[in-house]
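# Architecture and fold: a report
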Amino acid sequence: MTKGPRHLSLTFLGATGTVTGSKYLLDTGDCQVLVDCGLFQGYKQLRLRNWAPLPLAPAALDAVVLTHAHLDHSGALPLLVRQGFRARAFCTRETAMLCKILLPDSGRLQELDAEYANREGFSRHHPARPLYTEEDATYALKRLKSIDFGDEFQIAHGLTGAYTPAGHILGAASLRVSGDGLPSVVFSGDLGRQNDLMMDPPAPRPAAEYVVIESTYGDRTHRTDGPDDALLEVIRRTARRGGVVVIPAFAVGRAQALLVLLDRMRSRRQIPDLPIYLDSPMASAVTELYGEHLSTHKLSAEELRTALRVAQPVDTSEESRAIDLRGGPAIIISASGMATGGRVLHHLKRFLPDENSAVVLAGFQAGGTRGAALARGASHIKIHGRHVPVRAEVVQLDSLSAHADREELLAWLASGPPPRQVFITHGEPDAAEGLRMAIQERLGWGCAIPEYRQTCELV
């Protein structure tokens, strides 16, 4: 790569107009660094971007820096490595450990989905193929370099970075990037709640000339009552009907929070003595990982042990099919959180047509996902090439979300000195615009909502 005079440009390669596909390219003329490397999810035109080449050769990148392990921030790393990336991918220690679980699982699920599509013949692609494989993901893990919170580290020539806790999930971080003679930039990553069930609140925002902030809930505030009240009521209603409560849940963060809540409900005898299944081997592994990092979250070792015991783990696909045949009353927690893939699709196919059952959406549902369609009140959704009628009760619990709301985002911004500019990303259009208006009205700061592949010169 030809080196040029030092400057700093920022190109938005994802998370524009959507909450998925986070990728931000920093270019100094001496080096190119990608902050986050996430998969696009949801609408087909977004998912097609996963297959499109980046506007630079992956081999030309000097580094990748991840804010956390969720696949919309880390899930494209195996693809990037397969395409030639050979530099370091920096992340916090906890993020590295989560990636060792999530990325191979992502590759394995893509392989299984492609095999199932080819066997059942419902894919328009002949043959259907995975974006990357489990082997690709395992190989990509060699690129990871762990960094402790607060330690300044050399990202690439003339650029340094430092992580501060962002709450949200285990290992989630905000990132400050700086360099001699260059303006500094803070990337919020995904910010957690002030009163989250599991995680401490985000650390104050570091000072910087530019801030890139997520806006998942930028146009709304979360309910002030606890998430257990609404969850408790839907479980009771469904149990009385003899139905099954299906909860699509992210294996990192939401699955653990649900287990803790259900354990508390059962210990207080607030819910009937019905079977609870955790149909996500990855969620079980992640819960154990939370137990190995007790200093990074609020839960005690005993709370995690009892939370793991409240649900019966479902390890094999045969066991997963068996709980569908058993029926209700029961509770099934299964990935993925927005019903984009995984075992939960088979449970939805079985129980969505059942008017006695219920589906609980435990967090944000990105546009174009099955979860979003259910939240919108769809009369049917398409799963594995077939239209499945929706007769079950559908309940969305935003209070279970691990994302900061508008007031919490504004509080995090205001916890540091005014920047020259705020860039609003990682939000659907209404959410991003809502946060932009709130920043301008309350803080009086300049802010912008960048477009896909837009480049901004930072001066």
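One structure accompanies this document, and this report is about it. Predicted, not measured: the structure shown is a model, and the values here were computed from it.

## Side note on the nonpolar core
Counting residues in hydrophobic clusters, the biggest one holds 123 residues, and the most contacted among them are Ile155, Phe187, Ile213 and Leu231. Among the elements that line this core, the one with the most residues is helix 7 (residues 254-267), at eight residues. Setting aside residues no more than four positions away along its own chain, Phe187 makes contact with Leu10, Tyr24, Leu26, Val35, Ser174, Leu175, Val177 and Val212. Core analysis: the second largest hydrophobic core is formed by 21 residues, Tyr277, Leu361, Ala373 and Ile383 among them.

## Observations regarding the sheet that holds strand 5 (residues 88-92)
Each strand in a sheet pairs with another by means of backbone hydrogen bonds, the pair being arranged parallel or else antiparallel. One open sheet holds the seven strands; their spatial order is 6-5-4-3-2-1-22, and the pairing between them is mixed. Of all strands in the sheet, those bounded by a partner on one side alone are strand 6 (144-147) and strand 22 (455-457). The sheet shows a mean angle of 25° between the axes of neighbouring strands, direction not considered. With three bridges connecting them, strand 4 (residues 63-65) and strand 5 associate as parallel partners. In the sheet register, Val64 faces strand 5, and the bridge partner there is Ala89.

## Focus: the sheet that holds strand 12 (residues 244-248)
If you trace the six strands from one edge of the open sheet to the other, you get 14-13-15-12-16-19, paired in parallel fashion. Taken across any chain shown, the strands that pair with only one partner, and hence form the sheet edges, are strand 14 (312-313) and strand 19 (393-396). Relative to strand 16 (residues 358-361), strand 12 is paired through two bridges, and the arrangement is parallel. Its bridge partner being in strand 16, Val246 is matched across the sheet by Val359. Seen against the sheet, helix 7 touches strand 12, strand 13 (276-279) and strand 15 (330-334) and runs at an angle of roughly 160° to strand 15.

## Section: the packing of aromatic side chains
Considering all chains together, one arrives at eight aromatic pairs under this definition. Ring centres of Phe12 and Tyr24 lie 6.0 Å apart, and the angle between their planes is 85°; this geometry places the pair in the edge-to-face category. Pair noted here: Phe12 is in strand 1 (residues 9-12) and Tyr24 is in strand 2 (residues 24-27), with a separation of 12 residues, a long-range link. Both rings, one in Tyr217 and one in Phe364, keep their centres 5.5 Å apart while their planes meet at 80°; by these two values the pair is edge-to-face. Of this pair, Tyr217 sits in the loop between strand 11 (210-214) and helix 6 (227-241) while Phe364 sits in the loop between strand 16 and helix 12 (370-375); the two residues are 147 residues apart in sequence, bridging distant segments of the chain. For the pair shown, Tyr217 and Phe364 are each scored as buried. Among the aromatic residues, those joined into a ring-pair cluster are Phe12, Tyr24, Phe187, Tyr210 and Phe423.

## Some details on the pattern of salt bridges
Note on pairing: side chains with opposite charge can pair once their charged atoms come close. Applying the stated criterion across every chain, the model contains 19 salt bridges. Two residues, Glu303 and Arg264, come together in a salt bridge whose shortest N-O distance is 3.3 Å. Taken as a pair, Glu303 in helix 9 (residues 301-310) and Arg264 in helix 7 lie far apart in primary sequence, 39 residues in all. Using a relative accessible area of 27% as the deciding quantity, one classes Glu303 as partly exposed.

## Examining the side chain of Gln110
Position of Gln110 relative to the elements: it lies in helix 4 (residues 93-120). One polar contact links the side chain of Gln110 to the main-chain amide nitrogen of Tyr132, over a distance of 3.4 Å. Aside from chain neighbours lying at most four places away, what touches Gln110 is Pro130, Leu131 and Tyr132.

Rules used in this analysis
Residues numbered from 1 in each chain as written. Predicted model: local features only at pLDDT ≥ 70, side-chain atom pairs only at ≥ 80, totals over all residues. Heavy atoms only, no water. Core = buried A, V, L, I, M, F, W, Y, C linked by side-chain atoms within 4.5 Å. Buried < 20%, exposed > 50% of the residue type's maximum accessible area, 1.4 Å probe, protein only. Helix = DSSP H or I, 4+ residues; strand = E, 2+ residues; numbered from the N terminus. Contact = heavy atoms within 4.5 Å. Pairing = 2+ DSSP bridges. Axes fitted to C-alpha atoms, helices over the stretch in contact; angles between N-to-C directions. Phe/Tyr/Trp six-rings, centres within 6.5 Å; stacked < 30°, edge-to-face > 60°. Salt bridge = Lys/Arg side-chain N within 4 Å of Asp/Glu carboxyl O. Polar contact = N/O pair within 3.5 Å; in protein donor to acceptor, adjacent residues only side chain to side chain.

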